[in-house]
Amino acid sequence: MHYEGNIIRPPSEANSILLQVTVGCSHNKCTFCGAYKGERFKIKKDPVIMEDIEFAARHCRRQNRLFICDGDALIIPQRRLVPILEQINQRLPWIERIGLYANTKSIRMKSDQELEQLRSLGVKIAYMGLETGDDVTLKAINKGADAQRMIEMGRKIRGAGIKLSITVLNGIAGRKRSMIHANETGRVLTAIDPEYVGALSLMLIPGTPMYDSHAKGEFELINPDEILLELGAMISATHLTNGLFHANHASNYLPIRAELPRDKERTLAHIAKALEGKIELKPEFMRAL
């Protein structure tokens with residue numbers, strides 16, 4: 001495989017074939033993210049992509065899922081993305097699911113018919129970083145969309161029959177807006193009603209604007225108990241019809257896996273026990289991105 005730079009994939013794609021079609025992120029302006037700093041976004045050349053598909057056809061027959069990297073593969077123009085998917089279907093017919101990252105810009109650029117075409121070609125799940133439903137925080141972290149746009153684009157891609165996994169970030173609003181962030185995020189998640197929600201906990205990355213802001217005393221990190229309070233408030237405010245809410249990323253202090261709405265009360269009781277000191281939290285040195 002011809003990998004370049006940092007290869008980022010969701011935890012749920014750990015056992016997938018990783019086909020890098022783009023390098024970097026088409027937005028690459030979020031103040032908290034250092035994954036693609038210094039990398040200029042580009043779409044790789046078709047011969048390289050096709051050669052990697054051939055490599056997968058020969059050596060990756062035990063993997064039945066494929067994830068298209070990197071930061072926002074949905075941004076690829078339809079005229080180039082469709083032949084890539086067609087080649088995957090032709091050369092890797094055993095693949096059951098293709099996944100990719102998406103953002104509001106790339107979803108907006110696709111028509112409903114184009115998204116439905118991608119679904120027919122095997123794209124069954126998209127991963128979108130919401131981070132927060134709080135407009136003040138979305139602007140502060142330079143996410144590039146407000147809450148209403150997040151709702152509209154989340155509904156749009158779900159309407160095409162593509163499952164949606166949304167990432168939210170505990171601690172991203174700092175101390176002053178922690179509960180606003182929790183409640184507004186729950187409101188937006190409810191409005192989108194995704195199949196999956198993944199909650200991560202903020203970890204500051206050297207070299208990012210948010211790290212520098214914290215060093216200057218402008219951004220205040222919240223402590224582990226406050227993270228749990230925020231997480232509990234977020235889950236309380238989230239009303240999914242049938243979704244999986246999980247916080248089992250390496251950055252989290254308390255692993256959680258809840259099917260909502262069924263497991264809501266049990267999960268909130270679990271968080272309460274942790275806040276009472278009855279459940280041990282992950283120590284700081286074991287947290288990771």
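Looking at an unreviewed UniProt entry, one finds the protein named Oxygen-independent coproporphyrinogen III oxidase and attributed to Desulforapulum autotrophicum.

**Overview of the UniProt feature "domain: Radical SAM core" (unreviewed entry) in the protein**
This chain's UniProt record puts "domain: Radical SAM core" (unreviewed entry) on residues 9-245. Spanning residues 9-245, this segment combines 41% helix with 19% strand, and its end C-alpha atoms are found 18 Å apart.

**Regarding the environment of Glu195**
By the element assignment, Glu195 lies in the loop between α7 (178-192) and β8 (196-201). Judged by relative accessible area, Glu195 falls into the buried class, the value being 18%. Each C-alpha atom of the pair Glu195 and Ile125 lies 9.5 Å from the other, and the pair is 70 residues apart in sequence. If sequence neighbours within four positions are ignored, Glu195 has contacts with Arg158, Lys163, Leu164, Asn242, Gly243 and Leu244. Looking at Glu195, its side chain comes within polar contact range of the main-chain nitrogen of Leu164, at 2.9 Å.

**Digging into the nonpolar core**
By size, the foremost hydrophobic cluster in this structure holds 64 residues, and its most contacted members are Leu66, Leu85, Ile88, Leu92 and Phe245. Excluding anything up to four places from it in sequence, Leu66 contacts Ser16, Ile17, Leu19, Ile88, Leu92, Ile95, Arg97, Ile98 and Gly99. In this structure, Phe32, Ile141, Leu169 and Leu202 belong to the second largest nonpolar core, which totals 8 residues.

**Description of the pairing of strand β4 (residues 65-69)**
Remember that side chains alternate between the two faces of the sheet whenever the strand is regular. A large share of β4 lies buried, amounting to 4 of its 5 residues. In terms of strand pairing, strand β1 (residues 17-20) meets β4 through 4 bridges, oriented parallel. Each residue of the ladder has a partner; that of Leu18, found in β4, is Phe67. Here β4 runs beside strand β5 (residues 97-102); their pairing, made up of 4 bridges, is parallel. Paired with Phe67 across the two strands is Gly99, which belongs to β5. Handedness of the crossover joining β4 and β5 through helix α2 (residues 78-91): right-handed.

**Things to note about the side chain of His181**
Structurally, the position occupied by His181 is in helix α7. Judged by relative accessible area, His181 falls into the buried class, the value being 0%. Once residues lying within four places of it in the same chain are set aside, the contact partners of His181 are Glu131, Thr132, Asp134, Leu169, Asn170, Gly171, Ile172, Ala173, Glu230 and Met234.

**Some points on the packing of aromatic side chains**
Across all of its chains, the model carries 3 aromatic pairs by this definition. With centroids separated by 5.1 Å and ring planes inclined at 85°, the aromatic side chains of Phe67 and Tyr101 adopt a geometry described as edge-to-face. With Phe67 in strand β4 and Tyr101 in strand β5, this residue pair connects regions lying 34 residues apart in the sequence. Owing to a relative accessible area of 0%, Phe67 belongs among the buried residues under this scheme. Here the aromatic cluster, defined as three or more aromatic residues joined through ring pairs, consists of Phe67, Tyr101 and Tyr127.

**Some details on the pairing of strand β7 (residues 163-170)**
The buried count for β7 comes to 6 of 8 residues, which makes it a mostly enclosed element. Of the pairings in the sheet, the one linking strand β6 (residues 123-131) to β7 comprises 6 bridges and is parallel in character. The partner of Glu131 across the bridge, within β7, is Val168. Strand direction decides the pairing type here: β7 and β8, joined by 6 bridges, are parallel. Paired with Leu169 across the bridge in β8 is Leu200.

**Details of the pattern of salt bridges**
Following the criterion strictly, the structure yields 16 salt bridges and no others. A salt bridge links Glu184 to Arg187; the shortest N-O distance between them is 3.1 Å. Here the residue Glu184 and the residue Arg187 both occupy positions in helix α7, the gap between them amounting to 3 residues, near one helical turn. Judged by relative accessible area, which is 27%, Glu184 ranks as partly exposed.

How each quantity is defined
- For every chain, the first residue of the written sequence is number 1, and numbering continues from 1 onward in sequence order.
- Local features are withheld for residues below a pLDDT of 70 in this predicted model, meaning they are given only at 70 or higher, and side-chain atom pairs are given and counted only at 80 or more; totals for whole chains, interfaces and linings count all residues.
- With hydrogens and water excluded, all non-hydrogen atoms of the structure serve as input to the side-chain values.
- UniProt positions are given in the numbering used here, feature names are shortened, and annotations may be inferred rather than shown by experiment.
- Secondary structure follows DSSP: runs of H or I at least 4 residues long count as helices, runs of E at least 2 residues long count as strands, and numbering of each begins at the N terminus.
- Classification of residues uses two cut-offs on accessible area relative to the type maximum, computed with a 1.4 Å probe and protein chains only: under 20% is buried, over 50% is exposed, and between them is partly exposed.
- Throughout, a contact is declared for two residues whenever any of their heavy atoms are within 4.5 Å.
- Counted as a polar contact is a pair of N or O atoms within 3.5 Å, where, for protein atoms, one must be capable of donating a hydrogen and the other of accepting one, and residues adjacent in sequence contribute only when both atoms are in side chains.
- Remark: nonpolar core denotes a set of buried residues (Ala, Val, Leu, Ile, Met, Phe, Trp, Tyr, Cys) joined through side-chain atoms within 4.5 Å.
- If DSSP finds at least two bridges between two strands, the strands pair.
- The crossover handedness rule: strands pointing away from the viewer, path from first strand over the helix to second strand clockwise, crossover right-handed.
- Centre distance within 6.5 Å is the pairing criterion for rings of Phe, Tyr and Trp, where only the six-membered ring of Trp is used; planes under 30 degrees apart are then read as stacked, over 60 as edge-to-face, and the remainder as tilted.
- Put simply, a salt bridge is a Lys or Arg side-chain nitrogen that is within 4 Å of an Asp or Glu carboxyl oxygen.

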